[in-house]
Amino acid sequence: MARAGLTADRVVAAAADLADEVGFEHVTLSALARRFGVKDASLYSHVRNLQDLRTRVALLAGGELIDRIAVAVVGHAGRDALTAFADAYRAYALEHPGRYAATQIRVDQALIADSPALRRTAEITCGMLRAYGLEEPDLTDAVRLLRSTFHGYCALESTGGFGAPRDVQKSWEQVVDALHTALTHWPRAAAAG
């Protein structure tokens, strides 16, 4: 019988908090059980295994991230939407490093299809990029450009990887401006092919 008070949602939320404190890669069922003052076996009523827990944290964090982005971009288009999107993404990554790391794991495509938050992520991201006149396959390429740029910048910033004296915020603003320019002048696949 599951310990009173423990639910799958509480377990996942505690794992997300733990990830922010110690790093996503250090979240274990044993560490989580200690947090609740229970034996590891008590958690198996709520999650199948460590991979299931990590996937659930990734889905939770992905939902939190897109909720923040959605609020930021509402009513904006073009450069303003891109800036709002980028700033919300970066703020979440820096404020919640463990949760953010969880959003970078590969999640089973069937789970993505069943996740309203992850479908919403695609809708909001593609909607913002369509304002630049992008359609497939350019849309997928642009999404990959944004994700890799935002992730790379946030990963380097969070580890102190920028050693030059230039203000990191000023560089971020330049990066977002450069992305706007790239999206505005995107080399269309249909025209090139």
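Coordinates for the structure precede this section.
Residues numbered from 1 in each chain as written. Predicted model: local features only at pLDDT ≥ 70, side-chain atom pairs only at ≥ 80, totals over all residues. Heavy atoms only, no water.

Visitor: It is not clear to me how the pattern of salt bridges should be interpreted in this structure. Could you clarify?
Guide: Scanning the entire structure with this criterion turns up 11 salt bridges. Residues Asp17 and Arg99 are paired through a salt bridge, measuring 3.0 Å at the closest nitrogen-oxygen approach. Taken together, the residues Asp17 in helix H1 (residues 8-22) and Arg99 in helix H6 (residues 97-102) connect sequence positions 82 residues apart. Take Asp17: its relative accessible area is 34%, and that puts it in the partly exposed class. When the shortest N-O distance is used, the salt bridge between Arg130 and Glu135 registers 3.9 Å. Linked through salt bridges whose partners overlap, the residues forming this network are Asp17, Asp20, Glu64 and Arg99. (Salt bridge = Lys/Arg side-chain N within 4 Å of Asp/Glu carboxyl O. Helix = DSSP H or I, 4+ residues; strand = E, 2+ residues; numbered from the N terminus. Buried < 20%, exposed > 50% of the residue type's maximum accessible area, 1.4 Å probe, protein only.)

Visitor: In this structure, what is going on with the nonpolar core? I would like to understand it.
Guide: Note on soluble globular proteins: their nonpolar side chains tend to be buried together. Ranked by size, the top nonpolar core spans 33 residues in total, and within it Ile69, Leu82, Leu129, Phe150 and Leu183 carry the most contacts. When contributions to this core are tallied by element, the ones reaching two or more residues are helix H4 (50-73), helix H5 (78-95), helix H8 (116-130), helix H9 (138-158) and helix H10 (168-184). For this core, the element with the highest residue contribution is H5, accounting for 9 residues. Ala16, Leu18, Val27 and Leu32 belong to the second-largest nonpolar core, a separate cluster that totals 23 residues. (Core = buried A, V, L, I, M, F, W, Y, C linked by side-chain atoms within 4.5 Å.)

Visitor: Help me understand H1, please; the structure alone is not making it clear to me.
Guide: Counting along an α-helix, one turn takes 3.6 residues, and residues three or four places apart therefore face a common direction. Taking 1.5 Å of rise per residue, 15 residues should cover 21 Å, and H1 covers 21 Å from first to last C-alpha, within 8% of that figure. Inspection of H1 places Val11, Val12, Ala14, Ala15, Ala16, Leu18 and Ala19 among the buried residues, and these make up the whole buried set. As for H1, its buried residues are in contact with helix H2 (29-36), helix H3 (40-43), H4 and H6. (Expected span 1.5 Å × (residues − 1). Contact = heavy atoms within 4.5 Å.)

Visitor: In this structure, what is going on with H2? I would like to understand it.
Guide: Listing the buried residues of H2 in full gives Leu29, Ala31, Leu32, Ala33 and Phe36. Of the surrounding elements, those touching the buried residues of H2 are H1, H3 and H4. Gly37, located one to two residues past H2, shows a positive phi value of around 70°.

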